[in-house]
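Each chain, letter by letter, is given below.
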Amino acid sequence: MAYNKPIPVPQGESDVYWQKAKQGELWLRYCNSCNEAYFFPTDICRAIPCDNPRDTKWIKASGKATLFTFAIVGYETGRAPHPGFEAPYVTAIVELEEGPKMPTNIVIEDPSPDNLQIGMELEVVFEDITDEIALPKFKPV
Amino acid sequence: MTDLRKTAAIVGVDESDEIGKVPDKSNLQHHAEAAHNALADAGLSLKDVNGLFTAGTSTLGLGEYLGVKPSFVDTTAVGGSSFIIHIAHAIAAIDAGYCDVALVTHGEAGRSMRSRAGANPSDADPQYQIPYGFIGQPVAYSMAARRYMHIYGEDKTRQGMAEIAVATRKWALKHPKSYMKDEMSFDDYHDSRWISWPFHLLDCCLVTDAGGAFVITSAERAKDTAKKPVWILGAAEGQTHGMISQMPDLTVTNAANSGPKAMQMAGITHSDVDLAMIYDSFTYTVMATLESLGFCGPGEAADFVANQRTAPGGDFAMNTNGGGLSHTHSGMYGMFLVLEAVRQLRGECGDRQIKDHNIALVNGTGGSLSSTGTTVLAAD
């Protein structure tokens, strides 16, 4: 069946992020001046203050994260807010081992408030959705 | 900063002719009806208007539709808070002499015309959130609420959310234009279906068709308007992020910035506030906002609203029109916070009129808990 959810359109400064994701790797933008990784990737560091916002590079992330918060969309009703999505599904903000938080889905069978705990350990998995794009998602370790 | 306290007043307010479910009217019709009604309320007309403010559409099309040729325009659009933020901009523009009659309008057929502008693919949201089903504000706000529950306790948070939903419905039943007409019990709240856990249906605002408008003019011109002016004592604004996943602290909104600034400008403290109009896109929005504004401390909102304290007869008058939860919510609800505050301060609210009505604090939240505007209004 054709994939009919919204598909990301890579931009110049996010090409590497999406190319690496397609290869099964999670890469982050890193500011040499702040000594910190950040999400989402932009060429120029967004921290304020930052001594040299243009001194940034790509780094490979470990793929380890913890669950920061989540919601179960369509819990018990199966109603999704947009065509293509099958409810229930779990939206989440996860805290990556490198520090930044990122939005994602938690891949888990029968999601419920009982089998999702804030702070639980997660690892990245990649869902191929088109020939060019794989979405980084997270599953419980 | 220039002291703009009481340099301008709100002199007219009204809704569009019908609100709720209005299948045959466009957004601009709601704008136009509300504009004419609010100007009539002020004893003014479109020929007096030289400042035009709106959100969600350009003043180009709006001005053309209304037939006005304003000399000052502002389409600041940062979600449902925008119209509160327009107040801050309008008093500055009036003080600077750019305009002296500012018309602020809103119109949205949120229920009947669900077409929304497509996202720009180069923005972050369509790359990093939307593909994961971060679609619609219940998803974003429920994640923030889940974090709050983790910090302050799930049962206690739930209790606070239920108190707000039930109390707000009681107010709605006292407003003839409210969309919701039936009583709500605590059981009704807890039994309502899940939208995006931890949000029940009854944690979420309505989706209605509605327009609203208000008119701001200088202190000088306010002497001659049809009704007593409602003075603008303070107004401030700000934003912290766009996407919910970039929110610095999911339990604190920018009301922690715009609230104290507006209150300082107004020269008031929390105990001076007779009416709090707090954007209730969701029950949780109210809890986070009460804390961010400093009405109570972090994690104390559930205790603050306990025992139906914000319901009719309670000692903290809040959202007396019935809120976005039970009165109306067309998409960008902030407009209706202002309408109710002005009417309460004028003493026009009949059954739901609060006893002391000298000072109202209005706080709007927009986007994904992203932006806020706070204004402090005073009766003449």
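So, how was this worked out
Residues numbered from 1 in each chain as written. Chains lettered and ligands numbered in written order. Predicted model: local features only at pLDDT ≥ 70, side-chain atom pairs only at ≥ 80, totals over all residues. Helix = DSSP H or I, 4+ residues; strand = E, 2+ residues; numbered from the N terminus. Rg over C-alpha atoms; globule rule 2.2 N^0.38 Å. Buried ≥ 20, exposed ≤ 12 C-beta atoms within 10 Å, placed from the backbone. Contact = placed C-beta atoms within 7 Å. Axes fitted to C-alpha atoms, helices over the stretch in contact; angles between N-to-C directions. Parallel < 35°, antiparallel > 145°, perpendicular 65-115°, else oblique. Nonpolar A, V, L, I, M, F, W, Y, C, P; charged D, E, K, R; others polar. Expected span 1.5 Å × (residues − 1). Pairing = 2+ DSSP bridges. Core = buried A, V, L, I, M, F, W, Y, C linked by C-beta atoms within 7 Å. pLDDT = per-residue confidence, 0-100.

1. With respect to the overall build of chain A
When helices and strands are counted, chain A shows 1 helix and 8 strands. Over its C-alpha atoms chain A spans a radius of gyration of 16 Å, differing by no more than 12% from the 14 Å that the globule rule assigns to 141 residues. Along the three orthogonal principal directions, the C-alpha set of chain A runs to about 50 × 35 × 25 Å. The buried share of chain A, taken over its 141 residues, is 36%. A fraction of 51% describes how many contacts in chain A between residues 6 or more apart in sequence connect residues 24 or more apart.

2. Observations regarding the overall build of chain B
Along chain B, the regular secondary structure elements total 13 helices and 11 strands. The C-alpha atoms of chain B give 19 Å as radius of gyration, which agrees with the globular expectation for 380 residues (21 Å, within 12%). Projecting the C-alpha coordinates of chain B onto the three principal axes gives extents of approximately 55 × 50 × 40 Å. Within chain B, the proportion of its 380 residues that are buried is 61%. Long-range pairs, those at least 24 residues apart, make up 78% of the contacts in chain B between residues at least 6 apart in sequence.

3. Concerning the packing of helix α6 (residues 154–172) of chain B against helix α10 (residues 283–293) of chain B
Residue and element names in this part refer to chain B. Between α6 and α10, whose axes approach to 9 Å, the crossing angle comes to 110°. One finds that α6 runs roughly perpendicular with respect to α10. Two secondary-structure elements touch here, α6 through Gly-160, Met-161, Ile-164 and Ala-165 and α10 through Thr-283, Tyr-284, Val-286 and Met-287. Class assignment of the residues belonging to the contact of α6 with α10 gives a composition of 6 nonpolar, 2 polar and no charged.

4. Some thoughts on α6(B)
What sets the pattern is the α-helix's 3.6 residues per turn: residues three or four places apart point alike. Taking 1.5 Å of rise per residue, 19 residues should cover 27 Å, and α6(B) covers 27 Å from first to last C-alpha, within 8% of that figure. When you tally the buried positions in α6(B), you get 14 out of 19 residues, the bulk of the element.

5. Considerations on the interface of chain A and chain B
On the chain B side, the residues contacting the 31 residues of chain A number 27 residues. Broken down by secondary-structure element, the contributors of at least two residues to the side of chain A that touches chain B are β4 (64–73), β5 (89–96) and β6 (101–106) of chain A. The element best represented in the side of chain A that touches chain B is β4(A), accounting for 6 residues. Of the residues assigned to the side of chain A that touches chain B, the class counts are 20 nonpolar, 8 polar and 3 charged. Strand direction decides the pairing type here: β4(A) and strand β5 (residues 194–197) of chain B, joined by 2 bridges, are antiparallel. Pairing of Val73(A) across the sheet is with Ser196(B), part of β5(B).

6. Thoughts on the pairing of strand β8 (residues 134–140) of chain A
Residues and elements named next belong to chain A. Summarising the sheet, strand β7 (residues 121–128) and β8 pair through 7 bridges and their orientation is antiparallel. Counterpart to Phe-126 in the pairing with β8 is Pro-136. Where β7 hands over to β8, the hairpin turn is made up of 5 residues, counted between the paired strands.

7. Here we look at the nonpolar core
Buried together is how nonpolar side chains tend to be arranged in soluble globular proteins. Residues and elements named next belong to chain B. Counting 161 residues, the largest nonpolar core has Val-215 and Leu-377 as its most contacted members. No other element matches helix α3 (residues 82–96), which puts 9 residues into this core. In this structure Val-215 touches Ile-10, Val-11, Gly-12, Ala-38, Leu-39, Ala-42, Leu-44, Val-101, Ala-102 and Leu-103, once residues within four positions along its chain are discounted.

8. Remarks on the sheet that holds strand β3 (residues 56–60) of chain A
Residue and element names in this part refer to chain A. Spatially, 3 strands are ordered β2-β1-β3 in an open sheet, and the strand pairing comes out antiparallel. Among the strands making up the open sheet, the edge pair consists of β2 (36–38) and β3. Strand-to-strand, the axes of this sheet are offset by a mean angle of 45°, without reference to chain direction. Direction of pairing for strand β1 (residues 27–31) relative to β2: antiparallel, over a ladder of 3 bridges.

9. Focus on the confidence of the model for chain B
Mean pLDDT over chain B works out to 96, with 98% of the residues at or above the 70 mark. Per the prediction output, this complex has pTM 0.96; the corresponding ipTM is 0.95.

10. Here's the deal with the sheet that holds strand β4 (residues 101–109) of chain B
Residues and elements named next belong to chain B. One open sheet holds the 9 strands; their spatial order is β3-β2-β4-β7-β1-β8-β11-β10-β9, and the pairing between them is mixed. The open sheet terminates on both sides in strands that have one partner only, identified here as β3 (72–74) and β9 (275–278). In this sheet, adjacent strand axes meet at a mean angle of 25° when their direction is disregarded. Relative to strand β11 (residues 371–378), strand β10 (residues 359–366) is paired through 8 bridges, and the arrangement is antiparallel.

11. What to know about helix α1 (residues 27–42) of chain B
All names here are of chain B. For α1, with 16 residues, the first-to-last C-alpha span of 23 Å sits near the 22 Å given by 1.5 Å per residue. Considering only its buried residues, α1 is in contact with β1 (8–15), β2 (51–54), α2 (59–66), β4 and β7 (209–218). Just downstream of α1 lies Gly-43, where phi reads positive at about 75°.

12. Some thoughts on the pairing of β9(B)
Residues and elements named next belong to chain B. Burial along β9 is two-sided: Leu-275 and Met-277 facing one way and Ala-276 and Ile-278 facing the other are all buried. Two strands pair when backbone bridges link them, and β9 and β10 are joined in this way by 4 bridges, in the parallel orientation. Residue pairing across strands places Ile-278 opposite Asn-363, the latter belonging to β10.

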